[in-house]
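Fold and contact review
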Amino acid sequence: MHVLWLQFISEVKVFLRYKVTVFWTFFFPLFFMVLFALLDFGGDAPLPYINYLLPAMIMMALLTTCFISTSIAFVLNREKGYYRRLFVTPLKKWTLLGGQIASRFLIILLQTVFLILVGVIFFGARMPGKNFEFWAVLVMGIFAFLSIGFFLASIVRREETVLPVSMIMFFMMLFLGGGFWPVSVMPKFLRYISKVLPSTYFNEALFKTTIESVSLGSLGLHFLVMAAWFVCFLVLAVTFFKWE
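A brief structural summary. Along each chain, numbering runs from 1 in the same order as the chain's sequence is written. Only residues with pLDDT of at least 70 are given local features in this predicted model, and only at 80 or more are side-chain atom pairs given and counted; all residues enter the totals for whole chains, interfaces and linings. Note: side-chain values were computed over all heavy atoms of the structure, leaving out hydrogens and water.

We now examine a nonpolar patch on the surface. Residues qualify for a patch when their relative accessible area is over 30% and they have no salt bridge, like charges being joined within 9 Å and the nonpolar side chains of Val, Leu, Ile, Met, Phe, Trp and Tyr within 5 Å. Only the protein chains shown count as cover for residues, with accessible areas throughout obtained via the Shrake-Rupley method and a probe of 1.4 Å. Salt bridge, as used here, is a side-chain nitrogen of Lys or Arg placed within 4 Å of a carboxyl oxygen of Asp or Glu. Taken together, the side chains of Val 113, Leu 117, Ile 121, Phe 122 and Met 127 define a hydrophobic patch exposed on the protein surface, amounting to about 490 Å² of accessible area. Helix numbers and strand numbers start at the N terminus; a helix is a DSSP run of H or I with at least 4 residues, a strand a run of E with at least 2. Position of Met 127 relative to the elements: it lies in the loop between helix H5 (93–123) and helix H6 (132–155). Burial classes: relative accessible area under 20% of the type maximum marks a residue as buried, over 50% as exposed, and values in between as partly exposed (1.4 Å probe, protein chains only). Judged by relative accessible area, which is 34%, Met 127 ranks as partly exposed.

Structure (structure tokens):
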């Protein structure tokens, strides 16, 4: 446990070293949330538009960190020999990934709190963080998408390849998962794809906990799908991980 804690601290320091990454991690989703909130596409919706927008922006921020920031940083560090140096130490694969997951987990929590505060203070959004169910869904989503991000970083070897691969996964999860338009309006063949994506269940669960205030008992399928993706891709990430 002590080694895992030290690895967690090390990963946080590595993340903070890249100032540009830190900036875009927090302000990329904030920019879009402020832009869409000012445009106000809500129309005649029963609730202010920000209440529908905020869950989508939280998912966007989570996917940005899990797929783009994580995979790019992972591949860059591997190409620079950071993990090659760790290979000669007693550090295990599981400990390295555990430290990475824990550091990204903290970053995403801070992202979420940041977006919620801006949405509540400046746009009058309903506070989603008061519900335990919201945080339970968020935690499960973080684990599910981080495992996919680390799997991508494990199989992509070169710096020039990781960005397009991570962007493809990012946009597929974001748009086919119902982040910006309902799954019901998509063509039939896309709806079949959406039904197996964890982002669909994560997005739906976020909306249910922030707008409808449902109980955890009604979200059993959502947790089951996200947990299945987490376990499968975490095992794959460790299996395909290479120190160099």
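Turning our eyes to something else, we now look at the state of the cysteines. Disulfides are defined as cysteine sulfur pairs within 2.5 Å. With the rule as written, the count across this model stands at zero disulfides. Residue Cys 66 stays outside any disulfide, its sulfur separated by 17 Å from that of Cys 232, the closest cysteine.

In this structure, Met 33, Leu 62, Leu 63, Phe 67, Phe 145 and Phe 202 are the most contacted members of the largest nonpolar core, which totals 70 residues. Listing elements by their share of this core, those giving two or more residues are helix H2 (19–39), helix H3 (49–79), helix H4 (82–87), H5, H6, helix H7 (159–176), helix H9 (198–212) and helix H10 (220–240). Among the elements that take part in this core, H3 stands out by supplying 17 residues, more than any other. Here, two residues are considered to be in contact whenever any of their heavy atoms come within 4.5 Å of each other. Aside from chain neighbours lying at most four places away, what touches Phe 202 is Met 59, Leu 62, Val 137, Leu 138, Gly 141, Phe 145 and Met 226. For our purposes a nonpolar core is just a set of buried Ala, Val, Leu, Ile, Met, Phe, Trp, Tyr and Cys residues, chained together by side-chain atoms within 4.5 Å.

Another aspect to go through is the packing of H3 against H5. A pair of packed helices is captured by two measures, namely the crossing angle of their axes and the spacing between those axes. Running from N to C, H3 and H5 point in directions that differ by 150°, and their axes come no closer than 10 Å. Relative to H5, the element H3 lies roughly antiparallel. Crossing hand, H3 versus H5: right-handed. Along its contact with H3, which presents Ile 50, Leu 54, Met 57, Ile 58, Ala 61, Leu 62, Thr 65, Cys 66, Ser 69, Thr 70, Ala 73 and Phe 74, the element H5 presents Leu 97, Gln 100, Arg 104, Ile 107, Ile 108, Gln 111, Thr 112, Leu 115, Ile 116, Gly 119 and Phe 123. All amino acids are sorted into three groups, where Ala, Val, Leu, Ile, Met, Phe, Trp, Tyr, Cys and Pro are nonpolar, Asp, Glu, Lys and Arg are charged, and the leftover types, Gly among them, are polar. Class assignment for the residues of the contact of H3 with H5 results in 15 nonpolar, seven polar and one charged. Orientation is described by axes fitted as lines to C-alpha atoms, over the contacting stretch for helices, and by angles from 0 to 180 degrees between their N-to-C directions. In this scheme, roughly parallel covers angles under 35 degrees and roughly antiparallel covers those over 145, while 65 to 115 is roughly perpendicular and the rest are oblique. In this scheme the handedness of a crossing depends on how the near helix is turned from the far one: anticlockwise by less than a right angle means left-handed, clockwise means right-handed.

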